[in-house]
Amino acid sequence: MSSLLTWSIPLGVFTANAAQLTSVSDTLTDSRPSTASDHALAFTTVSTVPAGGDIKISFDPGTQAFGFGATATVSAVTGATQVANLAACTGAASEVYASASHEFDTMHLILCPTDTVSAGAKTVSIDGTPGITNPVTSNASYKVKVQTSSTVNDNNSAVVDSADTFVAIVDPVVMSATVNASFTFTVAGDDAGTIFSQPCDD
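What you see is a predicted model; the values in this text were computed from it and never measured. (Residues numbered from 1 in each chain as written. Predicted model: local features only at pLDDT ≥ 70, side-chain atom pairs only at ≥ 80, totals over all residues. Heavy atoms only, no water.)

Any chance you could break down the sheet that holds strand E11 (residues 106–111) for me, citing the residues and the numbers?
Taken in spatial order, the seven strands make up an open sheet running E2-E15-E14-E6-E11-E10-E9, and their pairing is mixed. Looking at which strands have only one partner, the edges of the open sheet turn out to be strand E2 (19–20) and strand E9 (81–83). (Pairing = 2+ DSSP bridges. Helix = DSSP H or I, 4+ residues; strand = E, 2+ residues; numbered from the N terminus.)

Could you give an account of the environment of Glu103, with specific residues and numbers?
Relative to the elements of secondary structure, Glu103 occurs in the loop between strand E10 (95–101) and E11. By relative accessible area, Glu103 is classed as exposed at 60%. For the pair Glu103 and Gln64, spaced 39 residues apart in sequence, the C-alpha separation works out to 9.1 Å. (Buried < 20%, exposed > 50% of the residue type's maximum accessible area, 1.4 Å probe, protein only.)

Account for the side chain of His108, naming residues and giving values.
Along the chain, the position of His108 falls in strand E11. Take His108: its relative accessible area is 4%, and that puts it in the buried class. A distance of 2.9 Å separates the side chain of His108 from the side chain of Asp154, its partner in a polar contact. If near-sequence neighbours (up to four positions away) are discounted, His108 is found in contact with Asp54, Ile55, Lys56, Tyr97, Ala98, Ser99, Ser101, Val152, Asn153 and Asp154. (Polar contact = N/O pair within 3.5 Å; in protein donor to acceptor, adjacent residues only side chain to side chain. Contact = heavy atoms within 4.5 Å.)

Describe the packing of aromatic side chains, with residues and values.
Counting across every chain of the model gives three aromatic pairs. Measuring from centroid to centroid gives 5.8 Å for Phe59 and Phe66, while their planes differ by 65°, and the two rings are edge-to-face. By relative accessible area, Phe59 is classed as buried at 0%. For Phe66, a relative accessible area of 4% gives the class buried. With a centroid separation of 6.0 Å and an interplanar angle of 40°, the aromatic rings of Phe59 and Phe68 are classed as tilted. Taken together, Phe59, Phe66, Phe68 and Tyr142 form an aromatic cluster joined through their ring pairs. (Phe/Tyr/Trp six-rings, centres within 6.5 Å; stacked < 30°, edge-to-face > 60°.)

Just give me the short version of the nonpolar core, but keep the residues and values in it.
Burial of nonpolar side chains together is a common tendency in soluble globular proteins. Within the largest apolar cluster, 29 residues are counted, with the highest numbers of intra-cluster contacts made by Ile57, Phe59 and Ile126. Breaking this core down by element, the ones donating at least two residues are strand E3 (22–28), strand E5 (39–45), strand E6 (54–59), strand E8 (73–78), E11, strand E12 (120–127), strand E14 (140–149) and strand E15 (159–169). Discounting residues that sit within four places of it in the chain, Ile57 has contacts with Leu41, Asp105, Thr106, Met107, Val124, Ile126, Val144, Lys145 and Val146. (Core = buried A, V, L, I, M, F, W, Y, C linked by side-chain atoms within 4.5 Å.)

For unusual backbone geometry, give the residues involved together with the corresponding values.
Residue Pro130 is reached from Thr129 by a cis peptide bond, and omega for that bond is 5°. With respect to the element layout, Pro130 can be found in the loop between E12 and strand E13 (132–133). With a phi angle near 50°, Asp60 is a residue other than glycine that sits in the positive phi range. By the secondary structure assignment, Asp60 is in the loop between E6 and strand E7 (67–68). Among the residues examined, Asp60 registers a relative accessible area of 7% and is labelled buried.

The analysis is restricted to geometry; functional conclusions fall outside its scope.
So this is what it looks like as structure tokens:
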């Protein structure tokens, strides 16, 4: 049995000199341990991401407990325009392309060279087969860090906005219930009928 679970927490100051992202969440399609799951992230940037910049999503940075598969991909973006790769950049506003850093369990949305991405609400959907596999340890929470920066990197330099959210990995829950039966009958009469072959009226 799979479960749908999302956590978000009050945000503190995570990186010096960086603004805070707001309304950060990550919703999993399956929160069971050692199970592949899609991720639907939502967040609001408070600063413009500059040209040459990056929107970076890191899964459990530090311990990297997720299995970040080679097939993990960004399937949808709102708040920016996704293109396939650098060669597909057209010069239109707010274009980004996805690039995975498997060594660091990180997904980048890299801005096309001349583009900026304005502050505001954004969503990023990450999936694949298997895509990202949940950590082995259950009944625990794991950090997902979202950062914007002025350069593309796998460290915490040149950060513009930053915040963390947490996801819970839990064992399946089996529920049972007893429901009392209830029947409702309606008996309606006719104006005329026959009982034992004898005509009758109401």
